[in-house]
Amino acid sequence: MSVDDAARRAEQLRREIETHDRAYYERDASTISDAAYDALFRELQALEAEYPALSTPDSPTRRVGGRPLAQFETVAHAVPMLSIQTETDTGASGAEQFDARIRRELELSGAAPPVEYAAELKFDGLAVSLRYEHGLFAQGATRGDGVNGEDVTQNLKTLHDVPLRLQGVAPPVLEVRGEVYMRRDDLARYNQSARARGEKPLVNPRNGAAGSIRQLDPAIAANRPLKFFAYGLGAVEGWNPPATHRELLDALADFGFPVCEHRIVARGWRALAGFHDRMGEQRAQIPFDFDGVVYKVNSLALQNRLGFRSREPRWAVAHKYPAEEARTVVTAIDVQVGRTGALTPVAKLRPVFVGGVTVTNATLHNEDEARRKDVRVGDTVIVRRAGDVIPEIVNVVPEERPLARMRFRGRKAYLSALETLRAFGMRKISGPYLRRMPRHPAFQLPETCPECGSRVVREEGGAIARCAGGLVCPAQLKGALLHFASRRAMDIEGLGEKLVEQIIAGGHVKTPAGLYALTLPMLATLERMGRKSAANLLAAIEKSKATTLARLIFALGIRNVGESTAKDLAQYFGKLDALSQASAEALEKVPDVGAIVAESILDFFAEAHNREVIECLVAAGVRWPENEGRAGAPPGPFSGKTFVLTGALPTLKRDDAKALIENAGGKVSGSVSRKTDYVVAGEEAGSKLDKARELGIDILDETGLLQQLKGD
Ligand code: IVH
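Within each chain, residue numbers correspond to sequence positions counted from 1 in written order. Only residues with pLDDT of at least 70 get local features here, since the model is predicted, and only at 80 or more are side-chain atom pairs given and counted; chain-wide, interface and lining totals rely on the full set of residues. Side-chain figures throughout are based on the complete set of non-hydrogen atoms in the structure, without hydrogens or water.

> I'm lost on the overall build of the protein chain in this one. Help?
If you tally the helices and strands in the protein chain, you get 27 helices and 26 strands. The C-alpha atoms of the protein chain give a radius of gyration of 36 Å, which is well past the 27 Å a tight globule of 712 residues would have. If one aligns the C-alpha atoms of the protein chain with their principal axes, the spans along those axes are about 105 × 75 × 75 Å. Three exposure classes are used, based on accessible area relative to the maximum for each residue type with a 1.4 Å probe and protein chains only: buried under 20%, partly exposed in between, and exposed over 50%. Across the 712 residues of the protein chain, 44% fall into the buried class. The contact criterion used is simple: two residues touch if any of their non-hydrogen atoms lie within 4.5 Å. For the protein chain, the share of sequence-separated contacts (at least 6 apart) that also reach a separation of at least 24 residues comes to 65%. Helix and strand labels come from DSSP, where a helix needs a run of H or I of at least four residues and a strand needs a run of E of at least two; each type is numbered from the N terminus. When we talk radius of gyration, it's over C-alpha atoms, and the globule rule is simply 2.2 Å times the number of residues to the 0.38.

> What should I look at first to understand the nonpolar core in this one?
In summary, soluble globular proteins display a tendency toward joint burial of nonpolar side chains. Residues Ile492 and Leu569 are the most contacted members of the largest nonpolar core, which totals 56 residues. No other element matches helix H18 (residues 549–555), which puts six residues into this core. Put simply, buried Ala, Val, Leu, Ile, Met, Phe, Trp, Tyr and Cys residues joined by side-chain atoms within 4.5 Å make one nonpolar core. Ranked by size, the runner-up nonpolar core spans 33 residues in total, among them Tyr132, Val162, Leu174 and Met182.

> Would you mind going over the sheet that holds strand E25 (residues 678–681) with me for this structure?
In a beta sheet, neighbouring strands pair by backbone hydrogen bonds and run either parallel or antiparallel. Ordered by their spatial adjacency, four strands build an open sheet running E24-E23-E25-E26, and the pairing between neighbours is parallel. With one partner strand each, in any of the chains shown, strand E24 (667–669) and strand E26 (698–700) form the two edges of the open sheet. Along the sheet, successive strands turn relative to each other by an average axial angle of 35°, direction set aside. Strand pairing follows a simple DSSP-based rule, namely that at least 2 bridges must link the two strands. Where strand E23 (residues 642–646) meets E25, four bridges bridge the pair, whose relative direction is parallel. In the sheet register, threonine 646 faces E25, and the bridge partner there is alanine 681. For helices, the axis comes from a line fit to the C-alpha atoms of the stretch in contact; other axes are also lines fit to C-alpha atoms, and the angle between any two N-to-C directions lies between 0 and 180 degrees. Contacting E23, E25 and E26, helix H27 (residues 702–710) runs over the sheet at an angle of about 105° to E26.

> Please clarify how the packing of aromatic side chains should be interpreted in this entry.
Two aromatic rings, drawn from Phe, Tyr or Trp (for Trp, its six-membered ring), form a pair once their centres lie within 6.5 Å of each other, and the interplanar angle then sorts them: stacked below 30 degrees, edge-to-face above 60, tilted otherwise. A complete count under the given rule lists 20 aromatic pairs for this structure. Between the aromatic rings of tyrosine 37 and phenylalanine 41, the centroid separation amounts to 6.0 Å while the plane-to-plane angle is 25°, which identifies the pairing as stacked. In this pair, tyrosine 37 and phenylalanine 41 both sit in helix H2 (residues 34–50), four residues apart, roughly one turn of the helix. In terms of burial, tyrosine 37 and phenylalanine 41 fall into one category: buried. For the ring pair phenylalanine 123 and phenylalanine 288, a centre distance of 6.0 Å and an interplane angle of 55° mean the geometry is tilted. One end of the pair, phenylalanine 123, is in strand E3 (residues 116–123); the other, phenylalanine 288, is in the loop between helix H9 (268–281) and strand E10 (290–297), with 165 residues separating them in the sequence. Phenylalanine 288 shares its class with phenylalanine 123; the two are buried. Counting every residue linked through ring pairs, the aromatic cluster contains Phe123, Tyr181, Phe229, Tyr231, Phe288, Phe290 and Tyr321.

> Even after reading the chapter, I still don't get empty space enclosed by the protein, so can you show me in this structure?
Sizing a probe to match a water molecule and rolling it over the atoms shows the empty space that remains. A pocket, in this scheme, is an open set of points on a 1 Å grid over the protein atoms alone with protein on both sides within 12 Å along at least 5 of 7 lines, while a cavity is a set where a 1.4 Å probe fits but cannot get out; residues line either one if an atom lies within 4 Å of a point. Grid points are joined across faces, edges and corners, and a volume is the space filled by probe spheres set on the points. Evaluation of the coordinates by the stated rule reveals two cavities of 30 Å³ or more. Roughly 40 Å³ of volume is contained in the largest cavity. Gln85, Arg101, Ile102, Glu105, Arg309 and Arg314 together form the lining of the largest cavity. Broken down by element, the residue count for the lining of the largest cavity peaks at three residues, all from helix H3 (residues 93–105). Residue classes follow a fixed rule: Ala, Val, Leu, Ile, Met, Phe, Trp, Tyr, Cys and Pro count as nonpolar, while Asp, Glu, Lys and Arg count as charged, and any other residue, Gly among them, counts as polar. Across the lining of the largest cavity, the residue classes break down as one nonpolar, one polar and four charged. What the second largest cavity holds in volume is close to 30 Å³. Every residue lining the second largest cavity is listed: Glu120, Phe123, Ala230, Tyr231, Leu249, Val259, Cys260 and Arg263.

> Help me understand the pattern of salt bridges in this model?
Pairing between side chains of opposite charge can happen when their charged atoms approach one another. Should a side-chain nitrogen of Lys or Arg be within 4 Å of a carboxyl oxygen of Asp or Glu, the pair is scored as a salt bridge. Scanning the entire structure with this criterion turns up 41 salt bridges. Aspartate 185 is paired through a salt bridge with arginine 183; the nearest N and O atoms lie 2.8 Å apart. Several salt bridges converge on common partners, so that one network encompasses Arg184, Arg283, Asp289, Glu324, Glu325 and Arg384.

> Mind showing me how you'd approach the sheet that holds strand E13 (residues 316–320) here?
Taken in spatial order, the five strands line up as E2-E13-E10-E3-E9 in an open sheet, and their pairing is mixed. What marks the edges here is a single partner per strand, and that holds for strand E2 (86–87) and strand E9 (264–267). One ladder, built from seven bridges, connects E3 with E10; its direction is antiparallel. Looking across to E10, one finds that phenylalanine 123 is bridged to phenylalanine 290. With respect to the sheet, H9 is in contact with E3, E9, E10 and E13, its orientation differing from that of E9 by roughly 145°.

> Would you take a moment to explain helix H6 (residues 205–213) for this structure?
An α-helical turn contains 3.6 residues, so a residue and the one three or four places further along point in the same direction. The complete set of buried residues in H6 reads Pro205, Gly208, Ala209, Ala210, Ser212 and Ile213. Sitting at the head of H6, asparagine 204 places a side-chain oxygen 3.2 Å from the backbone nitrogen of arginine 206. Whenever a nitrogen or oxygen atom comes within 3.5 Å of another N or O atom, the pair is scored as a polar contact, on the condition that within protein one atom can donate a hydrogen and the other can accept it, and that pairs from neighbouring residues in sequence are kept only if both atoms are in side chains.

> I tried to follow the site of the ligand on my own but got confused; where do I start?
Residues are counted as near a molecule or strand when any one of their heavy atoms sits within 4 Å of it. Neighbouring the ligand are 14 residues; Glu120, Leu121, Phe123, Glu179 and Tyr231 lie closest to it. Take leucine 121: an N or O atom from its main chain is 2.9 Å from a nitrogen atom of the ligand. In this structure, tyrosine 231 approaches the ligand through a side-chain N or O atom, which is 2.5 Å from an oxygen atom. The protein chains hide 86% of the 500 Å² of surface that the ligand would expose on its own. Secondary-structure elements contributing two or more residues to the shell around the ligand are E3 and E10. For the shell around the ligand, the leading source of residues is E3, giving four residues. Tallied by class, residues from the shell around the ligand come to nine nonpolar, one polar and four charged. In these tables, accessible area is a Shrake-Rupley quantity obtained with a 1.4 Å probe, and a residue counts as shielded only by the protein chains included in the view.

> Explain unusual backbone geometry here, please?
A negative phi holds for most residues other than glycine; trans holds for most peptide bonds. Residues other than glycine seldom take positive phi values, yet glutamate 107 does so here, at roughly 55°. Following the sequence through the fold, glutamate 107 ends up in the loop between H3 and E3. Residue glutamate 107 is classed as exposed on the basis of its relative accessible area of 71%.

> In this structure, what is going on with the packing of helix H14 (residues 474–485) against helix H15 (residues 497–505)? I would like to understand it.
Packed helix pairs are characterised by how far apart their axes lie and by the angle those axes make with each other. Remark: H14 packs on H15, axes separated minimally by 10 Å, with the N-to-C direction vectors making an angle of 130°. Here H14 lies oblique to H15, going by the angle between them. With respect to the hand of their crossing, H14 and H15 are arranged in right-handed fashion. Between H14 and H15, the contacting residues are Leu477, Lys478, Leu481 and Leu482 on the first element and Glu497, Val500, Glu501 and Ile504 on the second. Considered class by class, the residues forming the contact of H14 with H15 number five nonpolar, no polar and three charged. Between 65 and 115 degrees an angle is taken as roughly perpendicular, under 35 as roughly parallel, over 145 as roughly antiparallel, and anywhere else as oblique. Helix crossings fall into two classes, left-handed where the near helix is turned counterclockwise from the far one by less than a right angle and right-handed where it is turned clockwise.

> Please explain the packing of helix H22 (residues 595–606) against helix H23 (residues 608–620) as it appears in this structure.
For the pair H22 and H23, the least separation of the axes is 5 Å and the interaxial angle reads 75°. Looking at the two axes, H22 sits roughly perpendicular to H23. Touching Phe604, Phe605 and Ala606 of H22 are Ala608, Asn610, Arg611 and Ile614, all from H23.

> What is the right way to read the side chain of aspartate 291 from this model?
With respect to the secondary-structure elements, aspartate 291 resides in strand E10. Once you skip the residues sitting within four places of it in the chain, aspartate 291 turns out to touch Lys122, Asp124, Arg283, Lys320 and Tyr321.

> Hey, could you run me through the environment of leucine 520 in this one?
Mapped onto the secondary structure, leucine 520 falls in helix H16 (residues 520–524). Given the relative accessible area of 23%, leucine 520 is considered partly exposed. Each C-alpha atom, one on leucine 520 and one on asparagine 536, is 9.9 Å from the other, the two residues being 16 residues apart in sequence. Among all residues touching leucine 520, those that are not within four sequence positions of it are Arg531, Ala534, Ala535 and Leu538.

Below, the structure is given as structure tokens:
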């Protein structure tokens, strides 16, 4: 390839890559496969390596980042990077006070027209300054102390939001100031894959942004989903900025910088306060964090007139929102039981004002989460309450953990302390460690339900621990009663949600069996319950006593036992006693009952409270015909046998074959398993036949089926 050809090809590749980049980073649209993109990129890298003269400062290959630095160089800001005055009065008066101050400084009379302001978001990230020389990105710096910052050019180049070359006519010098930030969804995605790689997740978007830009190895920043918004100017040579802040931002957008769309120009403080409110309401929907809004005098000429006071401009203010994060102390860790019996650890907190309310509790979600965050009693923690979301503990402040002071007299005491240490989950054990032992142990869920004392069971592989108390646990009572009374269970008409709540609140019913002890005078005292409806309800309760075994099993609300499994169980066992005493093995013989369902049934009947409830139901007069499922099915040559039909039979239609089998006491199932007794195969039988062969199940054709029927 000639040098000319190489130059042409390199230029072509750059343009092509830039087009794909723009689609991807600006419009969130992929216009090429990852593999094809990588191929273009590598081709360009190879060309630039072979012909170094072809490499341009704005080539997309420059974003990949160079070698790690030993340290950052210091950058003296040509125009200092100022900070901004914050208005901590989070109400409308915050805006009013700023406007009053501006009017005073400008010596405006009460009759003078309202001042024009630009309002935008106060991004919660890291402030940086980007210097362009003759249109090319020359240097990027952090704010530092405002006068001197750190040279983070390499890291900033990895951001696709930072143009490597300005669009349009470029002045000799243009410094653009703005904020590096991370979107919350990008952070969540990044953290997910970081955890999968076994790396530490980022604590929050602000730390994520600031931490990434301050890394000496640009490969780290290149891997993080960092974004940028422009909001102001630094040094400028050879360019006349427009007359207003709004137009300045428009001009920056034309140069190719991302500018946040949530901005307005408004006159007077009421409009500013309105913007503050509106943006506050939208905070949860906007995909990145902002901790307030910024008001700026719109006219740059007026900004000049107002000037600065120490390190802050007089023409701007940050009007904050109530903080979403705060520090406080964990006073206890309680365990709450939900409506389905799920146990949730909840941290009790020293009251703290966060997200606009006083928070005293924060959820720890489940035991795994509590242990992952290692939250303990006495810990100082960061609590977050964003929008209407339930308050959460972001992390523990490890330095603040209360430690136990220990002194040992002799070797024996020391050794027994080691023993204790292990119980506290400490692995590395050495002398100094002993003196720095946490005062409180790692969190552990109780083994019995704090509401009812039943056992706590943890589903295999699942994060959720549940109370096995089902019917007796007051925390689960409402759901249990509603389910018990539902149409397909005991079918007690008229026992709705409001009524159940009142009955429970009155302490009248502690288990479903308690429903059968309700009396007319007691019901009549309830709100909106006349004598007539009370009598109707009692009649419905009385009527429900005559039921079927299948309905009763379903009504018990055993986890993972739905209506059809209840029917299968009733049919298979015939008696409740037989079911309650069945082993896992016996249970798994029932169609569609696997290990998980069997375990739920065992857990249920293992709980003495649950067995008591059943005794009370029987004592109250609940009854059902025994062996109905079995007695109901006509006894015949196929009793207890399961068939699977596959393929087309020569004379019998599928429904006819099914009816024949069922009338002979057999059952027809849709899929082949070890529980299948016979597979009846016709023409073009497919995978079911293969499976039957694999499992060694008897295979019949139509003639074989009819012979079996006759008992041959
Ligand atoms: S203007 C001369 N506008 O707030 C005033 N700052 O400035 C310069 N910040 O850490 C600041 N969003 O990074 C301005 N829309 C915005 C901003 C903003 C966030 C940050 C800035 C700095 C702090 C104080």
